[in-house]
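# Close look at the chain arrangement
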Amino acid sequence: MLFFRGSPVTPLSGPKRPSWIWGYNRMLINGTSGDYFESWQKEFGDVYRLPTAAGAERTVIMDSRAIAYVLNTNGYNFTRYEGERNTIKRLLGGGILTVEGNDHKRHRKAMSPGFSIASIRFFTSIFLEATHKVKERWLSKLSDSKGNDIVLDVEHWMNAISFESIGEAGFSHDFDCINDEVSVVGQVFSSLGATNGTLTAAIAVALQAFPIIASLPLARNVAFDNLRNTMRDLINTMDRKTLGNDASDERRSLVASIIKAENRNLSQEEVMAEANYYVVTCRIRDHFYDYGGPFRLYPESVLKLTLAQWCLHELSINPHVQDKLRREIMMFPDATHEQLATQMPYLNAVVQETLRTHPAVVENHRQAMKDDSIPLQRPIKLANGQSVDHIDVRAGMGVIIPIEAMNKSSAFWGPDSHEFKPERWLDEELPKKVTEIQGFHHLLTFIDGPRNCIGKNFAVAEFKAVMSVLIRHFSFAPLTDGSDVRRVLTLVQRAKSKGHDGLLLRISRVETE
Ligand code: HEM
């Protein structure tokens, strides 16, 4: 199938098509996707149709019951696009991201032990250690400088922590990036290159029509081949027996844990694919998601600690939040996994507010396998004035769940929905409409249902560990007044200082004694 034209049986209203080639894809890629979806929600209600690229259209769902149905209740009827599955398979191999139904359940079961509480506890010690290495580097830079503060590219350092951590936690391997060494894997990653939003959008449309592009010997495809080969060598050089069988359950890396699964549920090729996903998850995970279709593997130097970058930016322009957070962190000098997870309510609120306001993945796209009927929480008015409490869909229909808009829409969160306000998680009751949204603390950042993010506890533990060390030892201020920081949607939302390919913040030392 080259073009998808499935549309709902129920006649929905929605914005007029701006262009046959782009639909709204180009605007969404170049703008703030959440704001667009929210403004259409105000105009057309919680469910509407949206013209997309190449003459197609998709149904946007902002109704909590309908979302729960698509992601959870009947989740396996709403699958990843076939072209996207094939592209992932071609570039990284066939694993959890490319399988559906019972096969998917088998992969999930084999991978879950890697994300147990005991594993996350072990990984937290790795995250803390990596952040302490960065802390030492920053302290030495500060003592070498003449002034009280230094300006650093936070994105660079968050990438280093994230990469170092996934080396140890994912592969029991030292990628050694904090000390400016470039490992073999690091070199391969560099070759994955970068792209800009407009180019990505153009490739996106081309790939919808010509999925074969993913198989051509283009530089990026060759780079993925190199990544696959390098990862294969890396895993083959690991002592499978030690990693898979003898390492204690609590200290097993993600890959060791799936190598063990190989003996039971996964083939060797499937284990390789999962390992590739983990490493790519760290490097370019967010690029699996954008405006649908098989065009989601265009890497940039975006890592999971995008969250920490946004958080540091928010703290730099909200000094009262930063001070309050530091006061809590100071009470736990060498915070353990348990303390980070359960005893620091303000840190938790800051993390949740960052997940809410800066979701790395802004949308989730699905396609109906069979005709279906999606129930609604609240009736909607159709273009012909009729009111309905469900929408009928045809097999092939595309659905967009606008994660960012659901996390931030004032229709759910109230008039202060766009403000960074951790207190909403502590002092106030969440609005009733928010409590109807399923997902991780009523957020869709990690989506919901059988395909929710398997790495969410890993990501949250890493984020908390990093913040606990950095906020304890350093104070963060904006370069100017914070207005120099832009949201750049490359396929994820990144924080960039004007005129720089990174996030510049002013950093000074905090006396801890
Ligand atoms: C802030 C960090 C993260 C965010 C926002 C995030 C978000 C997501 C989302 C939205 C999905 C659903 C994708 C879909 O079905 O199309 C997903 C799936 C997944 N994530 Fe994450 N993720 C994060 C971190 C991680 C980490 C650290 C790992 C691994 C170490 C990971 C591994 C996975 C895997 C394997 C899946 C596929 C699950 C399945 O299909 O059953 N993620 N993630």
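Above this text you will find the structure in question.
As the structure is a computational prediction, the values presented were derived from the model and not from experiment. (Residues numbered from 1 in each chain as written. Predicted model: local features only at pLDDT ≥ 70, side-chain atom pairs only at ≥ 80, totals over all residues. Heavy atoms only, no water.)

## Thoughts on the pattern of salt bridges
Tallied over the full model, the rule gives 18 salt bridges. Across the pair R106 and E270 runs a salt bridge whose closest N-O atoms are separated by 2.9 Å. Placement of the pair is R106 in helix α5 (residues 101-111) and E270 in helix α13 (residues 268-284), with a sequence separation of 164 residues. Since its relative accessible area comes to 24%, R106 is described here as partly exposed. Residue classification places E270 among the buried residues on the basis of a relative accessible area of 15%. Ionic pairing is found between E436 and R378, a salt bridge with its closest N-O pair at 3.0 Å. Here E436, found in the loop between α20 (432-435) and α21 (456-473), pairs with R378, found in strand β6 (residues 372-381); they are 58 residues apart in sequence, far enough to count as distant. (Salt bridge = Lys/Arg side-chain N within 4 Å of Asp/Glu carboxyl O. Helix = DSSP H or I, 4+ residues; strand = E, 2+ residues; numbered from the N terminus. Buried < 20%, exposed > 50% of the residue type's maximum accessible area, 1.4 Å probe, protein only.)

## A few points about the sheet that holds strand β1 (residues 47-51)
Pairing is mixed in the open sheet, where five strands are placed in the order β1-β2-β8-β5-β3. Strands at the two margins of the open sheet, each flanked by one partner only, are β1 and β3 (78-79). The pairing of β3 with strand β5 (residues 364-368) spans two bridges and is antiparallel. By the bridge assignment, T79 is partnered in β5 with Q367. (Pairing = 2+ DSSP bridges.)

## Observations regarding the environment of R106
A sequence separation of 10 residues divides R106 from I96, and the C-alpha atoms of the two residues are 8.9 Å apart. At 3.0 Å, the side chain of R106 and the side chain of D103 are in polar contact. (Polar contact = N/O pair within 3.5 Å; in protein donor to acceptor, adjacent residues only side chain to side chain.)

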